[in-house]
Amino acid sequence: WRHYHRRVVITTEDKEDFTSASYVASTRLLTLSTGTWPTNAVLGEVVYGNARYKVRARISSTVLELSSVDQEASNFTGDVSWVRSSYVLPYVPKRIESVIVESIANELTYIDPTQMVREKRRFTNDNGNSIYYTVRPSDYYAGINEIEISPVPATASRIEITMHIRPMPFRTFEVKGT
């Protein structure tokens, strides 16, 4: 049925580079001396050298708390980048037919979520054209799926996804009062 065949367009976010960031391992806080973190910084990752670190919280416009799982073993000061590789899908996909980066008319290749970890490490500092995608449960929203792309594009790109979606179960809500 055509109702279950959907086209979704996602606009990726620009990679942001920052100079002179200081990380304190004991508090897991990463502080900028100049510039401000994006307001949605918790949806992305910080890249330092050849490593990526998930953002746990945006404390202020210049301070981020990094995840304890990914924390750097020691303090550091240097240049960092903020990237966002995953985006929420508005539907639960049954089957994805194609994922195309519109600006370069490049179709991305599906890989298993476990393989994406390896690919993200391999392309940490390579912000060329995206090659791979995967679909996985969201880290931030229960019951929602995200599409993750690698490598992360350096500039904003439009990604067109065509998919067959799963029908949503009927839900009823009770309202009392006026």
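A quick note: this is a predicted structure, and the numbers were derived from the prediction, not measured. Along each chain, residues carry numbers from 1 onward, in the same order as the chain's sequence is written. Reporting in this predicted model follows two pLDDT cut-offs: at least 70 for local features of residues, and 80 or more for side-chain atom pairs to be given and counted; totals over whole chains, interfaces and linings ignore these cut-offs and use all residues. Note that the side-chain values use all heavy atoms of the structure and ignore hydrogens as well as water.

Draft legend 1. Region of interest: the packing of aromatic side chains. Two aromatic rings, drawn from Phe, Tyr or Trp (for Trp, its six-membered ring), form a pair once their centres lie within 6.5 Å of each other, and the interplanar angle then sorts them: stacked below 30 degrees, edge-to-face above 60, tilted otherwise. Taken as a whole and judged by the stated rule, the model has four aromatic pairs. Seen from their ring centres, Tyr23 and Phe76 are 5.2 Å apart, and the 20 degrees between their planes marks the pair as stacked. Taken together, the residues span a long stretch of sequence, with Tyr23 in strand β2 (residues 16–24) and Phe76 in strand β7 (residues 76–83) at a distance of 53 residues. Across the pair, exposure class does not vary: Tyr23 and Phe76 are buried alike. Ring centres of Tyr110 and Tyr133 lie 5.5 Å apart, and the angle between their planes is 65 degrees; this geometry places the pair in the edge-to-face category. Linking Tyr110 in strand β11 (residues 109–110) with Tyr133 in strand β12 (residues 132–137), this pair joins segments that are 23 residues apart in sequence. On the basis of relative accessibility, which here comes to 44%, the residue Tyr110 falls in the partly exposed class. What links up through ring pairs into an aromatic cluster is the set Tyr23, Tyr48 and Phe76. Strands are runs of DSSP state E lasting at least two residues, helices are runs of H or I lasting at least four, and both sets are numbered from the N terminus onward. In this scheme, a residue with accessible area under 20% of its type's maximum is buried, one over 50% is exposed, and one in between is partly exposed, where area comes from a 1.4 Å probe on protein chains only.

Draft legend 2. Molecular detail of the side chain of Thr162. Within the fold, Thr162 resides in strand β14 (residues 158–165). Classification of Thr162 by relative accessible area gives buried; the value is 14%. A distance of 2.7 Å separates a polar atom in the side chain of Thr162 from a polar atom in the side chain of Ser98. If sequence neighbours within four positions are ignored, Thr162 has contacts with Arg6, Arg7, Ile96, Glu97 and Ser98. In the analysis that follows, any N or O atom pair within 3.5 Å is treated as a polar contact, provided that within protein one partner can donate a hydrogen and the other can accept it, and provided that, for residues neighboring in sequence, both atoms belong to side chains. The contact criterion used is simple: two residues touch if any of their non-hydrogen atoms lie within 4.5 Å.

Draft legend 3. Representation of the pairing of β12 within the structure. Among the six residues of β12, five are classified as buried, and the element is accordingly described as predominantly covered. Should DSSP find at least two bridges between two strands, the strands are regarded as paired. Bridge count between β12 and strand β13 (residues 145–150): six bridges; the pairing is antiparallel. Paired with Tyr133 across the two strands is Ile149, which belongs to β13.

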